[in-house]
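Architecture at a glance
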Amino acid sequence: LPTMLAKLADERKGYQVAVEKSGLSSHGTRASIAAKGSVIENCGRIEQLTKDLDHLEGKFKDHATGLSAAIEKTDIADRFKREFLQNAEIGRQRSEAAGTEIYALERELIRSHVEMCRILARRQWTISDDTIMFHTDRDLASFRAITAKLQSDQMRQRALMSAQLASIRNRRERPAAR
């Protein structure tokens, strides 16, 4: 079981590295836009994140499925094994529901960044001081809408992650309260 968790953690770290390499965290900032070629180069890397996320989600589901098989193989009394399996199934269902929501939101964030890339890649803008000045009202309105959606989705993402961490802490603390 610890090996399975370590592998899943490694997969997650690999995805985080891909996110950092894509420039997603600084995407749409003056510094990232001003760097020569960055908009178009990062668009491709950001689009690749969807595939990376699909891979990570698949590993997450494999892990959840493999947990029951790993418990079945353990050398413990059947009554304990049944209890572990029941708890693992409850945990799997909760984790899968939360994971599905988190992965769906992550996909939305990626889609918004890709759309932002498309607007910026048209190069119908200039930078004046620290402000992006769009040449068309349509691009300005689209960029603002995407920025607002990103901010809203990022707040939702933080809330989901906080709720998931709280749930994990609660599960850890419950046995101690017995």
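Quick look at the structure, then. (Residues numbered from 1 in each chain as written. Predicted model: local features only at pLDDT ≥ 70, side-chain atom pairs only at ≥ 80, totals over all residues. Heavy atoms only, no water.)

1. Quick notes on the overall build of the protein
From N to C terminus, the protein includes five helices and two strands. Going from the N terminus to the C terminus, the protein shows its helices and strands as α-α-α-α-β-β-α. Counting across all 178 residues of the protein, residues that qualify as buried make up 30%. The contacts in the protein between residues at least 6 apart in sequence include a share of 72% that link residues at least 24 apart. Of the roughly 11,500 Å² that the protein leaves accessible, carbon and sulfur atoms contribute 54%. (Helix = DSSP H or I, 4+ residues; strand = E, 2+ residues; numbered from the N terminus. Buried < 20%, exposed > 50% of the residue type's maximum accessible area, 1.4 Å probe, protein only. Contact = heavy atoms within 4.5 Å. Areas by Shrake-Rupley, 256 points an atom, 1.4 Å probe, with all protein chains shown as cover.)

2. Section: the pairing of strand β2 (residues 131-134)
Side chains of β2 alternate between two faces, with I132 and F134 buried and T131 and M133 left unburied. When strand β1 (residues 125-128) meets β2, the two strands line up antiparallel, connected through four bridges. Following the sheet pairing, S128 is matched in β2 by T131. Counted between consecutive antiparallel strands, the loop separating β1 from β2 contains two residues, among which D129 sits at a positive phi close to 55°. (Pairing = 2+ DSSP bridges.)

3. What to know about the side chain of E57
If you trace the backbone, E57 turns up in helix α3 (residues 38-73). If near-sequence neighbours (up to four positions away) are discounted, E57 is found in contact with T100, Y103 and R107.

4. Describing the nonpolar core
In terms of nonpolar packing, the biggest core is built from 15 residues, with Y15, I46, L49 and I110 touching the most fellow members. Broken down by element, this core gets its largest block of residues, six residues, from α3. If you look at the next biggest cluster of nonpolar residues, it comprises ten residues, including W125, F134, F143 and I146. (Core = buried A, V, L, I, M, F, W, Y, C linked by side-chain atoms within 4.5 Å.)

5. Some points on helix α4 (residues 78-121)
Compared with the 64 Å implied by 1.5 Å per residue over 44 residues, the 61 Å span of α4 between its first and last C-alpha is a close match. Backbone geometry just after α4 places R123 at a positive phi near 55°. (Expected span 1.5 Å × (residues − 1).)

6. A short note on the pattern of salt bridges
Enumeration according to the criterion identifies ten salt bridges in this entry. Of the charged contacts in the structure, one is a salt bridge between E108 and R111, with a shortest N-O distance of 2.6 Å. Here R111 and E108 lie together in helix α4, a separation of three residues that amounts to about one turn. Among the residues examined, R111 registers a relative accessible area of 48% and is labelled partly exposed. (Salt bridge = Lys/Arg side-chain N within 4 Å of Asp/Glu carboxyl O.)

7. A look at unusual backbone geometry
For residues besides glycine, phi is generally negative; the peptide bonds are generally trans as well. Look at R123: it is not a glycine, yet its phi comes out positive at around 55°. Looking at the secondary structure, you find R123 in the loop between α4 and β1.

8. What about the packing of aromatic side chains?
Overall, the coordinates contain two aromatic pairs when judged by the stated rule. An angle of 70° between the planes, with centres 5.8 Å apart, marks the rings of F60 and Y103 as edge-to-face. Remark: Y103 occurs in helix α4 and F60 occurs in helix α3; sequence separation between them is 43 residues. We note that F60, like Y103, is buried. (Phe/Tyr/Trp six-rings, centres within 6.5 Å; stacked < 30°, edge-to-face > 60°.)

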